[in-house]
Amino acid sequence: MPEQNLRTMKRREFLATAGAASGALMVSPFSILSAKPPKTKTRLALVGTGVRGTSMWGKNLVENYSDHVEFVGLCDINPGRLEYAKNYIGVTCPTFTDFSEMIKKTSPEKLVVTTVDSTHNEFIVKGLEMGADVITEKPMTTDEFKCQQILDAERKTGRKVTVTFNYRYGPFVTKIKELLAQKRIGDIVSVDFHWYLNVYHGASYFRRWHGLRDKSGTLLVHKATHHFDILNWWLDSEPESVYALGDLEFYGKNNSFRSTKCRGCPHIQKCKFYWDITKDQRNIDLYVANEKYDGYIRDACLWRKEIDIYDKMAVQIKYANNAFVSYSLTTYSPYEGWRIAFNGTKGRIDVWEGILWKEDEQISQSEKHAVEMNQNFEDKPEQYDEIMVMDNFGKYESIKVPKASGGHGGGDQRLLDQIFVNPNMPDPFGHAAGTRDGSMAILLGIAARNSIETGKPVNIEDLTDLKPMAQRP
């Protein structure tokens, strides 16, 4: 039996198990049932050959979606990394250091953008103007002006931008969406949402280009875009106004010693955050071997003084439907996970993930992010995530959702299935995201960043020509 059919069967078996354990989904958003898959392969080009581009959008597509995708070009400003990417992904297509040349010579139907966040707009706009539909990693871009450029280009060209919000697609997150859509606890009046990055994953952002605001837009845009999007999606509304606080009080300039990078650092013995990149051959081949071309250091010192993003953030959000949200992001927690509570007119839903004393499994915190990003397709019905639902004047109910493996809680695979295998599949929960969703997620982070800098609340409608709606269109 073909591998693709085996993987599809696994997903169907998983959904049957999940339904028995936690109540069947209204409609399975993951099953490939009604529309026929495309008969021809999608001509695909990729710009940005870093770890995400070469893994999920590269090697993974070649190994698992070769019946649906044909790579026609790879592009990166770093020629060494580009050559490595071609071999690692396993393609024979031409490579380019000039983006426009790639599009002109290869005429892709779809362009995947996985470059540094602050350059997304450049390649999205050019790609649209040169005749391709665009698939972009989150965040769509990093400020309100670039966001407006993308909105204008999509309207002008008539082409389509897909923003890959993979967290939406996981069965656990989808079950929460289902309960809220059913108004299981009535209308949502407020939400408490707190995300914790551990000292391994959180620190990694400050080693990389993400630690520079002009490249990442701060973690309120790069990382929190995931969180803000699922909030918008869960609440089925759009943010209206934002007030935020943020500071850099742990990483960067706050340490008494520093170096340029972990390799050769004189402070190895006393730095608990020392990271030996040479233990990972892929990082050596992808980054260390190619520093000479562009100067990018993957294991840069997280105490370097040029870091100018926040490492603690707290955000208050008012939605157009009058729901209030309190959100925080911590970047140096001893464990990795999140908590969220929805307060409704008829009850409350409590959800958590990664909270050690609430889970049976014990995953090494140093390996937790690698496990999350792994593109393994095997589901794990013997493990589960838990949702606690409590009615006003009633008892509580525990809903157990079997864990799904694969990147982002199984979301990566289901996202790719919808994009490449069956783009016309039923989408009852609205998993697919376009520029409006991409905009509302980043605008929330941009508004929070602007609020921190000005000390004042920021209205979302003042940032672009999009007007927040009480109910998402």
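Just so you know, these numbers come straight off a predicted model, no measurement behind them.

So, how was this worked out
- Residues numbered from 1 in each chain as written.
- Predicted model: local features only at pLDDT ≥ 70, side-chain atom pairs only at ≥ 80, totals over all residues.
- Heavy atoms only, no water.
- pLDDT = per-residue confidence, 0-100.
- Contact = heavy atoms within 4.5 Å.
- Axes fitted to C-alpha atoms, helices over the stretch in contact; angles between N-to-C directions.
- Helix = DSSP H or I, 4+ residues; strand = E, 2+ residues; numbered from the N terminus.
- Parallel < 35°, antiparallel > 145°, perpendicular 65-115°, else oblique.
- Left-handed = near helix turned anticlockwise from the far one by under 90°.
- Nonpolar A, V, L, I, M, F, W, Y, C, P; charged D, E, K, R; others polar.
- Disulfide = S-S within 2.5 Å.
- Pairing = 2+ DSSP bridges.
- 1 Å grid on protein atoms, 1.4 Å probe; cavity = no way out; pocket = protein on both sides within 12 Å on 5 of 7 lines; lining within 4 Å.
- Points joined across faces, edges and corners; volume = space filled by probe spheres on them.
- Core = buried A, V, L, I, M, F, W, Y, C linked by side-chain atoms within 4.5 Å.
- Buried < 20%, exposed > 50% of the residue type's maximum accessible area, 1.4 Å probe, protein only.
- Phe/Tyr/Trp six-rings, centres within 6.5 Å; stacked < 30°, edge-to-face > 60°.
- Lys NZ or Arg CZ within 6 Å of the ring centre and 35° of its normal.
- Salt bridge = Lys/Arg side-chain N within 4 Å of Asp/Glu carboxyl O.

Draft legend 1. Local environment of the confidence of the model for the protein. Summarising the model, the protein shows a mean pLDDT of 90, and 85% of its residues fall at 70 or more. Every residue in residues 1-35 scores below 50 in pLDDT, and together they form 77 contacts with partners more than four places removed in sequence or on other chains.

Draft legend 2. Just the packing of helix α10 (residues 224-235) against helix α15 (residues 435-454), in detail. The interhelical angle for the contact between α10 and α15, taken along N-to-C directions, is 120°, at an axis separation of 8 Å. Overall, the two elements α10 and α15 adopt an arrangement that is oblique. Where α10 crosses over α15, the handedness of that crossing is right-handed. The segment α10 lies against α15, with T225, F228, D229 and N232 engaging D437, M440, A441, I442, L444 and G445. Of the residues in the contact of α10 with α15, the class split is 5 nonpolar, 3 polar and 2 charged.

Draft legend 3. Here's a closer look at the state of the cysteines. This model, assessed by the stated rule, comprises 0 disulfides. In this structure C301 is not part of a disulfide, and its nearest cysteine sulfur, from C265, lies 6.2 Å away.

Draft legend 4. Highlighting the sheet that holds strand β6 (residues 161-163). Strand order across the open sheet formed by 6 strands is β3-β2-β1-β4-β5-β6, with parallel pairing between neighbours. With one partner strand each, in any of the chains shown, β3 (95-96) and β6 form the two edges of the open sheet. Both strand β2 (residues 69-75) and β3 contribute to a ladder of 2 bridges, which runs parallel. Its bridge partner being in β3, L74 is matched across the sheet by T95.

Draft legend 5. Just empty space enclosed by the protein, in detail. Tallied over the entire structure, the rule returns 4 cavities of 30 Å³ or more. Lining the largest cavity are 15 residues; nearest its centre among them are C262, C265, C271, C301 and W303.

Draft legend 6. Fine view of the nonpolar core. Ranked by size, the top nonpolar core spans 94 residues in total, and within it L111, F193, L231, W234, F342 and I387 carry the most contacts. Element by element, the count of residues in this core is highest for α15, at 9 residues. Other than its neighbours up to four places away in sequence, W234 contacts V173, I176, K177, L180, F193, W338, I340 and F342. Counting residues in hydrophobic clusters, the runner-up holds 22 residues, among them M56, V91, Y169 and I419.

Draft legend 7. Fine view of the packing of aromatic side chains. What the rule picks out here adds up to 24 aromatic pairs. On the numbers, 6.1 Å between centres and 80° between planes, the contact of F193 with W338 is edge-to-face. In this pair, F193 is assigned in strand β7 (residues 188-198) and W338 in strand β11 (residues 337-344), connecting sequence segments 145 residues apart. As far as burial versus exposure is concerned, F193 and W338 are alike and both buried. Taking 4.3 Å as the distance between ring centres and 20° as the angle between the ring planes, the aromatic pair formed by F250 and Y332 counts as stacked. Linking F250 in the loop between β8 (239-247) and α11 (281-286) with Y332 in strand β10 (residues 324-333), this pair joins segments that are 82 residues apart in sequence. Assessed through its relative accessible area of 27%, F250 is described here as partly exposed. A relative accessible area of 22% places Y332 in the partly exposed class. Members of the aromatic cluster, connected to one another through ring pairs, are Y167, F172, F193, W195, F228, W234, Y327, W338 and F342. Over the ring of Y88 we find K59, and its NZ or CZ is 4.9 Å from the ring centre. The side chain of R282 reaches across the aromatic face of Y88, ending 4.0 Å from its centre.

Draft legend 8. Quick peek at the pattern of salt bridges. For the coordinates displayed, the defined rule picks out 28 salt bridges. A salt bridge links D294 to R81, with the shortest nitrogen-to-oxygen separation between them at 3.4 Å. Taken together, the residues span a long stretch of sequence, with D294 in helix α12 (residues 291-294) and R81 in helix α3 (residues 79-89) at a distance of 213 residues. One salt bridge connects K318 with E240, and the closest N-O pair in it is separated by 2.7 Å. Highlighted residues: K318 in strand β9 (residues 312-319) and E240 in strand β8, separated in sequence by 78 residues. Overlapping salt bridges bring together R168, D229, D236, D437 and R472 as one network.

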